[in-house]
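# Close look at the chain arrangement
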Amino acid sequence: MPGQSRRKASLVAPAERPFLALGLEGSANKFGAGVIKHSEDGTTSVLSNIRHTYITPPGEGFQPRDTALHHREWALKVIKQCLVQAGVSIHGLDCICYTKGESPILYLLISSSTVPKGPGMGAPLQSVAIVARMLALMFDKPLVGVNHCVGRMFLIFVVPKPNNCPTDIEMGREITGAQNPVVLYVSGGNTQVIAYSRQCYRIFGETLDIAVGNCLDRFARVIDLSNDPSPGYNIEQEAKRGKRLLPLPYATKGMDVSLSGILTSVESYTMDKRFRRDGKPPENDDDDIITPADLCFSLQETVFAMLVEITERAMAHIGSKEVLIVGGVGCNERLQDMMGIMAKERGGQVFATDERYF
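Residues numbered from 1 in each chain as written. Predicted model: local features only at pLDDT ≥ 70, side-chain atom pairs only at ≥ 80, totals over all residues. Heavy atoms only, no water.

## A short note on the overall build of the chain
When you go through the chain residue by residue, the secondary structure sums to 10 helices and 12 strands. Split into buried and exposed, the 358 residues of the chain put 51% on the buried side. Expressed as a percentage of contacts within the chain between residues at least 6 apart in sequence, the contacts between residues at least 24 apart total 68%. As displayed, the chain offers around 16,500 Å² of accessible surface, 50% of which is attributable to carbon and sulfur atoms. (Helix = DSSP H or I, 4+ residues; strand = E, 2+ residues; numbered from the N terminus. Buried < 20%, exposed > 50% of the residue type's maximum accessible area, 1.4 Å probe, protein only. Contact = heavy atoms within 4.5 Å. Areas by Shrake-Rupley, 256 points an atom, 1.4 Å probe, with all protein chains shown as cover.)

So, in structure tokens, the structure goes:
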């Protein structure tokens, strides 16, 4: 592999010059490129962060083949814009990083036994891997595979961390200033409560079936919410107009949660005779109606309450006063507010990142 011998050198030792890394991410419907600078004094800065999202019509999800075609169409455009914004040349980069997935084809494209397999959609991941390898070969740059959960592209060269340290978490720590938090990692494909214990990050709780982001996205399709900018964001906005909290299954099981039954239950309300898709009462002025806003509100309140509960248990277990929320769903302001109430009651605080990093 190009630059393999260079990649073995430690980049966490005191540096004589800044290191620049280009990161490429495309495990789902968003293709992103970013440049991070690791300075001689150990500080890091994001020089650019450019993304383009494949958006499907309301009621539809994104298919692997179509998403892969989107990434191939936009890859070079996004990368060029990324380098221009960062003010660097591709010749000045020290390495090229890419999202490494579980697809066997990726191992034929790029072999790297030191990087664990990560989650993501096979076809989009292959597109990103092909682009990354092409650039590495053309410009003779080291190629670094990054597990989507274990590392976002921005903090490849931060301060020394344990071998299994999730850099997604370290990105959040670097941005927010959190020191030793319990981490709630919530996205379209992940729902986990993680904390640092005995010199490594450990999973204290997780979903037993579907991820919270997948649950929200699927329900958004049921009620035909727009996918622009994202289904989860539009559910959040719709929930702000909700006035009725409907009963839904509350499924915490120890430190774990189950979300598939909640999704089935909230979907069943759309078949109820009281459901009004347009949110308007019938002609007889009957106030006993169920609106899409009520369903979004009820779904958010129930699911987020479950996440707050298992996060609080992890805080009590390790004695932490900090919560760090990462992942796409972590941008939800209602989730941050509910977590903040819990943390404040425990004398702690909440840290969260925004949509720029997901």
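## Remarks on the sheet that holds strand β3 (residues 44–53)
The strands making up a sheet are joined through hydrogen bonds of the backbone, oriented either antiparallel or parallel. Spatially, β3-β2-β1-β4-β5 is the arrangement adopted by the five strands of the open sheet, whose pairing is mixed. Edge positions in the open sheet fall to β3 and β5 (143–147), since each of these has one partner strand only. On average, each strand axis in the sheet is inclined to that of its neighbour by 20°, with strand direction left out of account. Bridge count between strand β2 (residues 30–38) and β3: nine bridges; the pairing is antiparallel. (Pairing = 2+ DSSP bridges. Axes fitted to C-alpha atoms, helices over the stretch in contact; angles between N-to-C directions.)

## Side note on the environment of cysteine 82
Locating cysteine 82 in the fold gives a position in helix α2 (residues 64–86). When the C-alpha positions of cysteine 82 and leucine 22 are compared, they lie 8.9 Å apart, and in sequence the two are 60 residues distant. Sequence-distant contacts of cysteine 82, defined by excluding residues within four places in its chain, comprise Leu22, Ala33, Gly34, Val35, Ser48 and Ile50.

## Details of a nonpolar patch on the surface
On the surface, a nonpolar cluster with roughly 290 Å² of combined accessible area is contributed by Leu76, Met134 and Met138. As for its placement among the helices and strands, leucine 76 is situated in helix α2. Given a relative accessible area of 44%, leucine 76 falls into the partly exposed group. (Patch = residues over 30% accessible without salt bridge, like charges linked within 9 Å, V, L, I, M, F, W, Y side chains within 5 Å. Salt bridge = Lys/Arg side-chain N within 4 Å of Asp/Glu carboxyl O.)

## Here's the deal with the environment of valine 350
By secondary structure assignment, the location of valine 350 is in strand β12 (residues 349–352). Sequence-wise, valine 350 and methionine 339 are 11 residues apart; in three dimensions their C-alpha atoms are separated by 6.9 Å. If near-sequence neighbours (up to four positions away) are discounted, valine 350 is found in contact with Val323, Ile325, Met339, Gly340 and Ala343.

## Some points on helix α7 (residues 231–239)
Across the nine residues of α7, seven count as buried, placing the element largely inside the fold. Looking at α7, one finds that the buried residues are Pro231, Gly232, Asn234, Ile235, Glu236, Glu238 and Ala239. In this fold, the buried residues of α7 make contact with α6 (212–222), α9 (292–318) and α10 (333–345).

## Points about the packing of aromatic side chains
All told, the structure shown has zero aromatic pairs when counted by the stated rule. Against the face of phenylalanine 19 rests arginine 17, its NZ or CZ located 4.8 Å from the ring centre. In this arrangement the basic side chain of lysine 77 is found over the ring face of tryptophan 74, its NZ or CZ atom lying 4.6 Å from the centre. (Phe/Tyr/Trp six-rings, centres within 6.5 Å; stacked < 30°, edge-to-face > 60°. Lys NZ or Arg CZ within 6 Å of the ring centre and 35° of its normal.)

## Let's talk about the packing of α6 against α9
In the contact formed by α6 and α9, the axes pass within 12 Å of each other and the chain directions differ by 175°. Taken together, the axes of α6 and α9 lie roughly antiparallel to each other. Counting all contacts with α6, which are made through Val212, Cys215, Leu216 and Phe219, the residues of α9 involved are Leu295, Cys296, Leu299, Val303 and Leu307. Of the residues that constitute the contact of α6 with α9, the class distribution is nine nonpolar, no polar and no charged. (Parallel < 35°, antiparallel > 145°, perpendicular 65-115°, else oblique. Nonpolar A, V, L, I, M, F, W, Y, C, P; charged D, E, K, R; others polar.)

## Thoughts on the pairing of β12
As defined by bridge partners, strand β11 (residues 322–326) adjoins β12 across four bridges and the pair is classed as parallel. In the strand pairing of β12, valine 323 is matched with valine 350.

## What about the confidence of the model for the chain?
For any part of a model where pLDDT is low, the fine detail of the predicted coordinates should not be relied upon. Residues with a pLDDT of 70 or more make up 79% of the chain, whose mean pLDDT is 82. A low-confidence stretch, residues 1–12 stays under pLDDT 50, and its non-local contacts, those more than four residues away or across chains, total 26 contacts. Within the model, the stretch residues 103–116 combines pLDDT values under 50 with 29 contacts to residues more than four positions away or in other chains. (pLDDT = per-residue confidence, 0-100.)

## Overview of the pattern of salt bridges
On inspection of all chains with the given rule, the structure shows 10 salt bridges. The salt bridge partner of arginine 241 is glutamate 238, with a shortest N-O separation of 2.6 Å. Classification of arginine 241 as exposed rests on a relative accessible area of 52%. One salt bridge in this structure joins aspartate 272 and arginine 274, with 3.0 Å as the shortest N-O distance. Look at arginine 274 and you get partly exposed, because its relative accessible area is 24%. When salt bridges with common partners are traced through the structure, they connect Arg244, Asp272, Arg274 and Asp288 into a single cluster.

## Topic: α9
Across its 27 residues, α9 extends 39 Å between first and last C-alpha, which sits within 8% of the 39 Å expected from 1.5 Å per residue. Of the residues one or two after α9, glycine 319 is the one with positive phi, at around 75°. (Expected span 1.5 Å × (residues − 1).)

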